[in-house]
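A look at the structure
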Amino acid sequence: MHCVGSLGELEELSGVALEDPHRPFVDDVTYPCSKCGDGAEMRRVPEVIDVWFDSGSMPFAQHHAPFENEELFEQRFPAQFICEALDQTRGWFYSLIAISTLLFDKAAYEHVVCLGLILDEDGKKMSKSVGNIVEPNEVIDRFGADALRWYFFTSKQPWDGYRFSTATIEEGVRQFLLQLWNTYGFYVLYANVNDVRDPVAGPLSELDRWVLSRLSATVAEVTERMDVYDATTAGRAVAAFVDDLSNWYVRRSRRRFWDGDPTAFATLRECLVTVAKLLAPFTTVRRRRALRQPRRL
């Protein structure tokens, strides 16, 4: 028995330079046994190592460290965050920890989120053989990629799993994405009517102070939750603010927008720009092509 430590050593022993070390190519490589005599050949054993060993080696293997790019590997190790589905727990999460602890005496990642499985509307695991899968492109073509992302981010905590429902995605489009887009459309419409370009706020009304206070609290909550990788609570906080912005601030300030009040425009603009920044990790907030887009300033 001999454990070959590298492709270079294998080439030295056999005289064969392998470009691809996988089966079946490696099976053809033999070399004389130095201890057996009688011209006996050394051959690869039939067993293969668990492929999860490869996945657990990913942090350094992807950079071909330590043979090269070792500095790049050290800059990116350990990972700040990883996530995978529940069925990968023993495979990837544990193999990463085992190999990293063996080689570097520390874990390969600082934060981890374990994702639940996606089920069909009846609560059964989706499977091609069962025929209950949903084609992602069909969902994206119908609702847009942003709607699908928003559904996965905010409908449940990711480790709970999902009973996938297109009706729930449609609800998210109607109650959040379209609500936000219509609020933006309202701003654009009356800013154009009143020739408002760069509104400067004057004395704030109580309603202005209230919505800006809500905005500040939302920024604080989203920042706190995203720092601990809680995207669900963060996304829901943004949705709650947009609902208040649309149904309370805009609805009760319509006369001010009709009259071209610069303070109202400045306040709404600040809210919309800040919401767009908060949503950057979640969605691009692009309008579906089937929906009419308001004229931009």
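In this report, the structure presented in the accompanying data block is examined. Since the structure is predicted, the reported quantities are computational estimates derived from the model, not experimental observations. (Residues numbered from 1 in each chain as written. Predicted model: local features only at pLDDT ≥ 70, side-chain atom pairs only at ≥ 80, totals over all residues. Heavy atoms only, no water.)

**Quick notes on the overall build of the protein chain**
When helices and strands are counted, the protein chain shows twelve helices and six strands. In summary, the protein chain has a C-alpha radius of gyration of 28 Å against a globular reference of 19 Å for 297 residues, an excess of more than 25%. Considered along the principal axes of its C-alpha atoms, the protein chain spans approximately 100 × 45 × 30 Å. In the protein chain, buried positions account for 36% of the 297 residues. Intrachain contacts of the protein chain at a sequence separation of at least 6 include 67% that bridge at least 24 residues. (Helix = DSSP H or I, 4+ residues; strand = E, 2+ residues; numbered from the N terminus. Rg over C-alpha atoms; globule rule 2.2 N^0.38 Å. Buried < 20%, exposed > 50% of the residue type's maximum accessible area, 1.4 Å probe, protein only. Contact = heavy atoms within 4.5 Å.)

**Quick word on the packing of aromatic side chains**
Geometrically, a pair of aromatic rings is defined through the distance of the ring centres and the angle of the planes. All told, the structure shown has 18 aromatic pairs when counted by the stated rule. Ring centres of tryptophan 181 and tyrosine 184 lie 5.3 Å apart, and the angle between their planes is 55°; on these two criteria the pair is classed as tilted. With a gap of three residues between them, tryptophan 181 and tyrosine 184 both fall in helix H8 (residues 166-193), about one helical turn apart. You can call tryptophan 181 buried: its relative accessible area is 9%. Since its relative accessible area comes to 23%, tyrosine 184 is described here as partly exposed. Ring centres of phenylalanine 186 and tyrosine 190 lie 4.9 Å apart, and the angle between their planes is 50°; this geometry places the pair in the tilted category. On the criterion of helical spacing, the pair formed by phenylalanine 186 and tyrosine 190 is a turn pair, its members being four residues apart in helix H8. Classification of phenylalanine 186 by relative accessible area gives buried; the value is 15%. (Phe/Tyr/Trp six-rings, centres within 6.5 Å; stacked < 30°, edge-to-face > 60°.)

**Side note on the state of the cysteines**
The full count for this structure, using the stated rule, is one disulfide. Covalent S-S linkage joins cysteine 33 and cysteine 36, the inter-sulfur distance amounting to 2.3 Å. Judged by the sign of its S-S torsion, about 65°, the cystine formed by cysteine 33 and cysteine 36 is right-handed. Under the relative-accessibility criterion, cysteine 33 is labelled buried at 15%. Summary of cysteine pairing: cysteine 3 is not part of a disulfide, and the nearest cysteine sulfur, belonging to cysteine 33, is at 15 Å. Residue cysteine 3 is classed as exposed on the basis of its relative accessible area, which comes to 68%. Sulfur of cysteine 83: no disulfide; nearest cysteine sulfur belongs to cysteine 114 and is 9.4 Å away. Overall, the relative accessible area of 34% leaves cysteine 83 in the partly exposed class. (Disulfide = S-S within 2.5 Å.)

**Section: the packing of helix H10 (residues 231-250) against helix H12 (residues 262-279)**
For the pair H10 and H12, the least separation of the axes is 11 Å and the interaxial angle reads 165°. As judged from the angle between their axes, H10 and H12 are roughly antiparallel. Viewed along their axes, H10 and H12 form a crossing whose handedness is left-handed. Touching Val238, Phe241, Val242, Leu245, Tyr249 and Val250 of H10 are Ala264, Thr267, Leu268, Cys271, Leu272, Val275, Leu278 and Leu279, all from H12. Split by residue class, the contact of H10 with H12 holds 13 nonpolar, one polar and no charged. (Axes fitted to C-alpha atoms, helices over the stretch in contact; angles between N-to-C directions. Parallel < 35°, antiparallel > 145°, perpendicular 65-115°, else oblique. Left-handed = near helix turned anticlockwise from the far one by under 90°. Nonpolar A, V, L, I, M, F, W, Y, C, P; charged D, E, K, R; others polar.)

**Describing the environment of alanine 167**
Position of alanine 167 among the secondary structure elements: in helix H8. Judged by its relative accessible area of 49%, alanine 167 is partly exposed. Sequence separation of alanine 167 and threonine 218 is 51 residues, and the distance between their C-alpha atoms is 28 Å.

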